[in-house]
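Take a look at the letters that make up each chain.
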Amino acid sequence: KQEVTQIPAALSVPEGENLVLNCSFTDSAIYNLQWFRQDPGKGLTSLLLIQSSQREQTSGRLNASLDKSSGRSTLYIAASQPGDSATYLCAVIGAEGGNKLVFGAGTILRVKS
Amino acid sequence: NAGVTQTPKFQVLKTGQSMTLQCAQDMNHEYMSWYRQDPGMGLRLIHYSVGAGITDQGEVPNGYNVSRSTTEDFPLRLLSAAPSQTSVYFCASSPDRFRGYTFGSGTRLTVV
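Keep in mind the model is a prediction, meaning the values are calculated, not measured. (Residues numbered from 1 in each chain as written. Chains lettered and ligands numbered in written order. Predicted model: local features only at pLDDT ≥ 70, side-chain atom pairs only at ≥ 80, totals over all residues. Heavy atoms only, no water.)

Student: Lay out the overall build of chain B in plain terms, naming residues and giving numbers.
Tutor: Scanning chain B from terminus to terminus reveals 0 helices and 11 strands. Ordered by position in the sequence, the α and β elements of chain B form the string β-β-β-β-β-β-β-β-β-β-β. Judged by the C-alpha coordinates and their principal axes, chain B covers about 40 × 25 × 25 Å. Looking at chain B as a whole, 50% of its 112 residues are labelled buried. For chain B, the share of sequence-separated contacts (at least 6 apart) that also reach a separation of at least 24 residues comes to 53%. In the form shown here, chain B has an accessible surface area of approximately 5100 Å², with 50% of it arising from carbon and sulfur atoms. Side-chain charges in chain B split into 9 positive and 8 negative, and the spacing between the mean points of these groups amounts to 8 Å. (Helix = DSSP H or I, 4+ residues; strand = E, 2+ residues; numbered from the N terminus. Buried < 20%, exposed > 50% of the residue type's maximum accessible area, 1.4 Å probe, protein only. Contact = heavy atoms within 4.5 Å. Areas by Shrake-Rupley, 256 points an atom, 1.4 Å probe, with all protein chains shown as cover. Lys, Arg positive; Asp, Glu negative; His and termini not counted. Charge placed at Lys NZ, Arg CZ, Asp CG, Glu CD.)

In structure tokens form, the structure reads like this:
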């Protein structure tokens, strides 16, 4: 059974810092990995999608990498801002049938001004 | 495009009542899923569908039914609501295994 772990569970940084969120998964047979952002009381917003054949994806100040063989992904946020404060969720779609997303528990990020 | 639309946004039910959470997408996506999100438990898959007429159980299916009569709609039915079903419910859709999921804004359900 696929399991996804996110470290750290919570992170508090001053504005302007660069930071890294970590995601690991137990079964390397995945189709893709997706990073989401969730603001309190809101839905999930997709940030980046990395297909299994890709190594990284970038969008603005965000960069996500994927090392499928070691079962790891990182989300790098450059020059953090208070508006980046949210919960960040990592999810994978495994090679089993059904196109099912398996989520990590998330990292709660607070960027202090 | 509206994306994934969930209704209602909020609902309070009494124990034993039944109701249907609606989910509709206008992107012609084949895959649709229902998740529940609970504090400390993360997001867990309830039911999913790989196309019209095809549904299957996820991790926590007990107490819920689904059907997929059209590509666009994927309603979630609570048969007899219990306090343990108090949660936030999210519907999501995806075109295939390679292009990721789009989520609805969620339904916050309280069972008293």
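Student: Outline the sheet that holds strand β3 (residues 19–25) of chain B, listing residues and values.
Tutor: Strands belonging to one sheet form pairs held by backbone hydrogen bonds; the direction of such a pair is parallel or antiparallel. Residue and element names in this part refer to chain B. Spatial strand order, β1-β3-β8-β7: 4 strands in an open sheet with antiparallel pairing. Only two strands of the sheet have a single partner each, and these edge strands are β1 (4–7) and β7 (64–66). Sheet twist, expressed as the mean angle between neighbouring strand axes with direction ignored, is 20 degrees. (Pairing = 2+ DSSP bridges. Axes fitted to C-alpha atoms, helices over the stretch in contact; angles between N-to-C directions.)

Student: Explain the sheet that holds strand β1 (residues 4–7) of chain A residue by residue, including any values.
Tutor: Residues and elements named next belong to chain A. As summarised here, the arrangement of the 5 strands in space is β1-β3-β8-β7-β6, forming an open sheet in which the pairing is antiparallel. Each edge of the sheet is formed by a strand with only one pairing partner; in this case those strands are β1 and β6 (56–59). Neighbouring strand axes in the sheet, compared pairwise and without regard to direction, differ in orientation by 15 degrees on average. Relative to strand β3 (residues 19–25), β1 runs antiparallel, the two being bridged by 4 bridges. Pairing of glutamine 6 across the sheet is with cysteine 23, part of β3.

Student: Can you explain the state of the cysteines? Please cite residues and give values.
Tutor: Across all of its chains, the model carries 2 disulfides over all chains by this definition. At a sulfur-sulfur separation of 1.9 Å, the disulfide partner of A:Cys23 is A:Cys90. Given an S-S torsion of about -60 degrees, the disulfide between A:Cys23 and A:Cys90 has left-handed geometry. Linking A:Cys23 in strand β3 with A:Cys90 in strand β9 (residues 86–94), this pair joins segments that are 67 residues apart in sequence. Residues A:Cys23 and A:Cys90 agree in their burial class; the two are buried. One disulfide in the model links B:Cys23 with B:Cys91; its S-S distance is 1.8 Å. Taking the torsion about the S-S bond as the criterion, the B:Cys23 to B:Cys91 disulfide, at about -70 degrees, is left-handed. With B:Cys23 in strand β3 and B:Cys91 in strand β9 (residues 87–94), the pair connects residues that are 68 residues apart, well separated along the chain. (Disulfide = S-S within 2.5 Å.)

Student: Lay out the pattern of salt bridges with the relevant residues and their values.
Tutor: Applying the stated rule across the entire model yields 5 salt bridges over all chains. Taking the shortest distance from any N to any O, the salt bridge between A:Asp84 and A:Arg61 comes out at 2.8 Å. One end of the pair, A:Asp84, is in the loop between β8 (72–77) and β9; the other, A:Arg61, is in the loop between β6 and β7 (62–67), with 23 residues separating them in the sequence. Overlapping salt bridges bring together B:Arg36, B:Asp38 and B:Arg44 as one network. (Salt bridge = Lys/Arg side-chain N within 4 Å of Asp/Glu carboxyl O.)

Student: For the side chain of B:Gln85, give the residues involved together with the corresponding values.
Tutor: Residues and elements named next belong to chain B. Locating glutamine 85 in the fold gives a position in the loop between β8 (76–78) and β9. For glutamine 85, a relative accessible area of 5% corresponds to the buried category. In terms of polar contacts, glutamine 85 uses its side chain to reach the backbone carbonyl oxygen of glycine 63, at 3.3 Å. Sequence-distant contacts of glutamine 85, that is, excluding residues within four places in its chain, are made with Arg36, Asn62, Gly63, Tyr64, Leu78, Ser80, Leu109 and Val111. (Polar contact = N/O pair within 3.5 Å; in protein donor to acceptor, adjacent residues only side chain to side chain.)

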